[in-house]
Amino acid sequence: EDQVTQSPEALRLQEGESSSLNCSYTVSGLRGLFWYRQDPGKGPEFLFTLYSAGEEKEKERLKATLTKKESFLHITAPKPEDSATYLCAVHGSSNTGKLIFGQGTTLQVKP
Amino acid sequence: GAGVSQSPRYKVAKRGQDVALRCDPISGHVSLFWYQQALGQGPEFLTYFQNEAQLDKSGLPSDRFFAERPEGSVSTLKIQRTQQEDSAVYLCASSRGLDTQYFGPGTRLTVL
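Analysis parameters
Residues numbered from 1 in each chain as written. Chains lettered and ligands numbered in written order. Predicted model: local features only at pLDDT ≥ 70, side-chain atom pairs only at ≥ 80, totals over all residues. Heavy atoms only, no water. Helix = DSSP H or I, 4+ residues; strand = E, 2+ residues; numbered from the N terminus. Rg over C-alpha atoms; globule rule 2.2 N^0.38 Å. Buried < 20%, exposed > 50% of the residue type's maximum accessible area, 1.4 Å probe, protein only. Contact = heavy atoms within 4.5 Å. Areas by Shrake-Rupley, 256 points an atom, 1.4 Å probe, with all protein chains shown as cover. Lys, Arg positive; Asp, Glu negative; His and termini not counted. Charge placed at Lys NZ, Arg CZ, Asp CG, Glu CD. Salt bridge = Lys/Arg side-chain N within 4 Å of Asp/Glu carboxyl O. Polar contact = N/O pair within 3.5 Å; in protein donor to acceptor, adjacent residues only side chain to side chain. Nonpolar A, V, L, I, M, F, W, Y, C, P; charged D, E, K, R; others polar. Pairing = 2+ DSSP bridges. Axes fitted to C-alpha atoms, helices over the stretch in contact; angles between N-to-C directions. Disulfide = S-S within 2.5 Å. 1 Å grid on protein atoms, 1.4 Å probe; cavity = no way out; pocket = protein on both sides within 12 Å on 5 of 7 lines; lining within 4 Å. Points joined across faces, edges and corners; volume = space filled by probe spheres on them.

Engineer: It is not clear to me how the overall build of chain B should be interpreted in this structure. Could you clarify?
Structural biologist: When helices and strands are counted, chain B shows zero helices and eleven strands. When its helices and strands are written in sequence order, chain B yields β-β-β-β-β-β-β-β-β-β-β. Its C-alpha atoms give chain B a radius of gyration of 13 Å, near enough to 13 Å, the size a compact globule of 112 residues would have. Seen through its C-alpha atoms, chain B measures out along the principal axes to roughly 35 × 25 × 25 Å. Taken across its 112 residues, chain B has 46% of its residues classed as buried. Once local pairs closer than 6 in sequence are excluded, the contacts in chain B between residues at least 24 apart make up 52%. Accessible surface computed for chain B: about 5500 Å², of which carbon and sulfur atoms make up 46%. Measuring between centres, the 12 positive side-chain charges of chain B sit 7 Å from its 11 negative side-chain charges.

This is the structure:
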């Protein structure tokens with residue numbers, strides 16, 4: 001059964017303090033790993049898709065990396081506006097594209 | 001519109017009432033998904049449509065949940081005889097195929 005676990009559940013950073021969020025996954029065949037950002041009261045907003053181990057993608061202060069067992073979302077010099085819940089999801093063995101989500105990491109960046 | 005839209009944004013129902021939640025996907029997107037998100041949790045898959053065909057409904061929690069997409073565009077998720085445990089945010093997502101899914105803002109359902 002496909003499974004995704006995110007850690008930590010919550011993370012508090014000072015503005016400018018870099019850190020990483022972890023997403024560990026178990027799938028029978030990875031077809032894609034997705035990172036989303038979710039603000040309170042809103043739907044998930046797409047950030048990145050990673051398809052194979054070794055792949056990396058960047059967007060502003062965010063960088064996503066992928067290995068065969070986990071993905072990291074690195075946040076460099078975060079700003080208060082980066083505060084949100086970050087969700088990791090995998091498209092694994094399903095032929096219908098359904099995503100299996102982790103429970104999310106809630107990030108708070110203090111000025 | 002440019003993104004996925006959902007209506008209503010908020011719905012309060014008395015236990016036992018039927019509700020209908022609407023999703024307008026991004027124009028031209030073949031695939032449409034419904035997810036349920038409990039407070040503090042990640043979204044959980046409910047059902048998947050390719051055009052008008054419902055190809056996967058393995059996540060629907062009971063036969064009180066029913067979804068349709070009759071013309072391959074707008075979709076409706078219907079919940080009959082609502083129960084308190086149905087209270088959640090219901091998210092709709094669409095994609096061109098089986099690639100990146102784009103989510104709507106969700107409908108927050110509260111069952112009293």
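Engineer: So what exactly am I meant to see when it comes to the interface of chain A and chain B here?
Structural biologist: Think of interface size as the accessible area that goes away when the parts come together; that is how it is often given. In this complex, chain A contributes 20 residues to the contact, which on the side of chain B involves 22 residues. Viewed at the interface, chain B and chain A are joined by zero salt bridges. Counting across the chain A and chain B interface gives seven residue pairs in polar contact (both at pLDDT 80 or more). Split by residue class, the side of chain A that touches chain B holds seven nonpolar, eleven polar and two charged.

Engineer: Help me understand the sheet that holds strand E1 (residues 3-7) of chain A in this model?
Structural biologist: What links the strands of a sheet is backbone hydrogen bonding, and the strands pair in either a parallel or an antiparallel sense. Residue and element names in this part refer to chain A. Judged by pairing direction, the sheet is antiparallel, and its five strands sit side by side in the order E1-E3-E8-E7-E6 without closing on themselves. In the strand order of this sheet, the two ends are held by E1 and strand E6 (56-59), each with one partner. On average, each strand axis in the sheet is tilted by 15° relative to the strand beside it, whichever way the strands run.

Engineer: Explanation requested: the side chain of A:Gln6 in the structure shown.
Structural biologist: Its place among the elements puts A:Gln6 in strand E1. Beyond its immediate chain neighbours, meaning those up to four positions away, A:Gln6 contacts A:Asn22, A:Cys23, A:Trp35, A:Tyr86, A:Leu87, A:Cys88, A:Gly102, A:Gln103, A:Gly104 and A:Thr105.

Engineer: Would you take a moment to explain the state of the cysteines for this structure?
Structural biologist: As used in these notes, a disulfide is a covalent bond between sulfur atoms, one from each of two cysteines. Within the structure shown, the criterion is met by two disulfides over all chains. Shown here is the disulfide that connects A:Cys23 with A:Cys88, its sulfur atoms set 1.9 Å apart. Sign of the S-S torsion, about -60° for the bond between A:Cys23 and A:Cys88, identifies this disulfide as left-handed. Here A:Cys88 lies in strand E9 (residues 84-91) and A:Cys23 lies in strand E3 (residues 19-26), a separation of 65 residues in the sequence. For A:Cys23, a relative accessible area of 0% puts it in the buried group. The disulfide bridge from B:Cys23 ends at B:Cys92, spanning 1.9 Å between sulfur atoms. Between B:Cys23 and B:Cys92, the disulfide has an S-S torsion of -65° and is therefore left-handed.

Engineer: Can you help me understand the pairing of strand E2 (residues 10-14) of chain A in this one?
Structural biologist: Two faces make up the sheet, and in a regular strand the side chains alternate between them. Residues and elements named next belong to chain A. Where burial is concerned, the two faces of E2 differ: the one with Leu11 and Leu13 is buried and the one with Ala10, Arg12 and Gln14 is not. Bridge count for E2 against strand E11 (residues 105-110) is five bridges, and the pairing is parallel. Across the sheet, the residue bridging to Gln14 is Lys110, located in E11.

Engineer: When you look at the layout of surface pockets in this model, what are you seeing that I'm missing?
Structural biologist: Once rolled over the atoms, a probe with the size of a water molecule shows which space is left empty. Roughly 580 Å³ of internal volume is contained in the largest pocket. Lining the largest pocket are 29 residues, and of these A:Gln38, B:Gln37, B:Leu39, B:Gly40 and B:Arg108 lie nearest its centre. Of all elements in the fold, only E9 and E11 of chain A together with strand E9 (88-95) and strand E11 (107-111) of chain B reach the threshold of two or more residues within the lining of the largest pocket. When the residues that make up the lining of the largest pocket are grouped by side-chain class, the tally is twelve nonpolar, twelve polar and five charged. Taken as a whole, the second largest pocket spans an internal volume of roughly 420 Å³. Along the walls of the second largest pocket sit 17 residues, with A:Glu1, A:Asp2, A:Ile100, A:Phe101 and B:Glu44 positioned nearest its centre. Taken together, the elements giving at least two residues each to the lining of the second largest pocket come down to E1 and strand E10 (100-101) of chain A together with strand E5 (44-50) of chain B. In the lining of the second largest pocket, the residues fall into six nonpolar, seven polar and four charged.

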